[in-house]
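Architecture at a glance
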Amino acid sequence: MIKNLMRGLTPLALILSPLAAPSPALSANVVLLPDALAGLTQAAEDPDGYKVSAFRHWDAGLDPADGCDTRAEVLLEEAIDTPRTGPGCVLTGGRWTSYYDGQSVTDPAALRVDHVVSLDEAWQSGASGWTAARREKYANDLGSPGTLAAVTARSQKDKAGRDPAGWLPSASTQYCRYVAEWVGTKLRWALSADKDEVEALKLLADGPCEETVVVRSKAPQ
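Residues numbered from 1 in each chain as written. Predicted model: local features only at pLDDT ≥ 70, side-chain atom pairs only at ≥ 80, totals over all residues. Heavy atoms only, no water.

1. Describing the state of the cysteines
A complete count under the given rule lists two disulfides for this structure. Here Cys68 connects covalently by a disulfide to Cys89, the sulfurs 1.9 Å from one another. Because the sign of the S-S torsion sets the handedness, a value of about 90° for the bond joining Cys68 and Cys89 places this disulfide among the right-handed ones. Here the residue Cys68 occupies a position in the loop between α3 (33-37) and α4 (70-78), and Cys89 occupies one in the loop between β2 (84-85) and β3 (91-92), the gap between them amounting to 21 residues. For the residue pair Cys68 and Cys89, the accessibility class agrees, reading buried in each case. One disulfide in the model links Cys176 with Cys209; its S-S distance is 2.1 Å. The sign of the S-S torsion, about -85°, decides the handedness of the disulfide formed by Cys176 and Cys209: left-handed. (Disulfide = S-S within 2.5 Å. Helix = DSSP H or I, 4+ residues; strand = E, 2+ residues; numbered from the N terminus. Buried < 20%, exposed > 50% of the residue type's maximum accessible area, 1.4 Å probe, protein only.)

Below, the structure written as structure tokens:
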């Protein structure tokens, strides 16, 4: 799957990757994708026992007093044109670009807030051993901009919880951003990666995304 997706890349697509930098000034918290991959733990995945209810979401967000839950706060943060906020944080109007497929959206109800590393993928990669409280923190993680994304329902459905070995955004200019956020999230939450996933990530890291940077951060305890 990943090799077929790679064939669709054009030179222009490689140049336009939003997280690509020709000579980034790196710090302890920012590394190139090939170096970030070295920090991943490779392990087989275990899907047994997963259910979406194991990850309570959405919670009251960063400010419980404002009535906006995590989903609404992501929409407000990612809006290109800010929506109106009514009582109970009901959003109307506004404009977004779904980076998975490049679609422009003007109805907040048409958007889904996607876990870049899906809940079932997280479960299979280590979250099955977490406490319920930690899984809730994961599902509502607003501490890193790469963990949640406002996207079209169609693109979320198309992704279907797959990892980068089986799915990448249809907008090829976003491949490198996506894998950088994927790897950053896995490192942030100390989640493992299976063999096929690692191979797909290495293919990108050794090619078009070689100079893409990954932001490293630590998840809340």
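2. What about the pattern of salt bridges?
Side-chain pairing between opposite charges can occur once the charged atoms of the two side chains come close. On inspection of all chains with the given rule, the structure shows eight salt bridges. Residues Lys159 and Asp114 are paired through a salt bridge, measuring 2.8 Å at the closest nitrogen-oxygen approach. With a gap of 45 residues between them, Lys159 in helix α7 (residues 153-159) and Asp114 in strand β6 (residues 111-115) connect regions that are remote in the sequence. The two residues Lys159 and Asp114 agree in class, both being buried. Linked by salt bridges that have partners in common, Glu121, Lys186 and Glu197 make up one network. (Salt bridge = Lys/Arg side-chain N within 4 Å of Asp/Glu carboxyl O.)

3. A word on the packing of helix α8 (residues 175-188) against helix α9 (residues 195-205)
When two helices pack together, their arrangement is given by the angle between their axes and by how far apart the axes lie. Running from amino to carboxyl end, α8 crosses α9 at an angle of 130°, the nearest separation of the two axes being 11 Å. Relative to α9, the element α8 lies oblique. In this structure, the crossing between α8 and α9 has a hand that is left-handed. Listed contacts from α9 to Val179, Trp182, Val183 and Lys186 of α8 are Glu197, Leu201 and Leu204. Counted by class, the contact of α8 with α9 contains five nonpolar, no polar and two charged residues. (Axes fitted to C-alpha atoms, helices over the stretch in contact; angles between N-to-C directions. Parallel < 35°, antiparallel > 145°, perpendicular 65-115°, else oblique. Left-handed = near helix turned anticlockwise from the far one by under 90°. Contact = heavy atoms within 4.5 Å. Nonpolar A, V, L, I, M, F, W, Y, C, P; charged D, E, K, R; others polar.)

4. Comments concerning the nonpolar core
Nonpolar side chains in soluble globular proteins tend to be buried together. Counting 39 residues, the largest nonpolar core has Leu33, Phe55, Tyr138, Tyr178, Val179 and Val183 as the members making the most contacts within it. At the level of secondary structure, the elements contributing two or more residues to this core comprise α3, α5 (119-124), α6 (132-139), β7 (148-152), α8 and α9. When residues in this core are grouped by element, the largest group, seven residues, is from α8. Among the nonpolar cores identified, the runner-up in size contains 13 residues, and Ala79, Leu111, Val113 and Ala150 belong to it. (Core = buried A, V, L, I, M, F, W, Y, C linked by side-chain atoms within 4.5 Å.)

5. Description of the environment of Lys218
Along the chain, Lys218 turns up in the segment after β8 (213-215). On a C-alpha basis, the gap between Lys218 and Leu187 in space is 7.9 Å, while along the polypeptide they are 31 residues apart.

6. A closer look at α9
Regarding α9, the residues found buried are Glu197, Val198, Ala200, Leu201, Leu204 and Ala205. Buried residues of α9 fall within an arc of 165° about the axis and therefore sit on the same side. Residue Asp194 occupies the N-cap position of α9, its side-chain oxygen lying 3.4 Å from the main-chain nitrogen of Asp196. (Arc of directions from axis to C-beta. Polar contact = N/O pair within 3.5 Å; in protein donor to acceptor, adjacent residues only side chain to side chain.)

7. Looking at α6
One turn of the α-helix equals 3.6 residues, which is why residues spaced by three or four share an orientation. Here α6 has its buried residues at Arg134, Arg135, Tyr138 and Ala139. With its buried residues spanning 140° around the axis, α6 presents them on a single face. Of the surrounding elements, those touching the buried residues of α6 are β6, α5, β7 and α8.

8. Focus: the pairing of β7
Summarising burial for β7: five of the five residues are buried, a large majority. Looking at chain direction, β6 and β7 are connected through five bridges and run antiparallel. When the sheet's bridge partners are listed, Val113 is paired in β7 with Ala150. (Pairing = 2+ DSSP bridges.)

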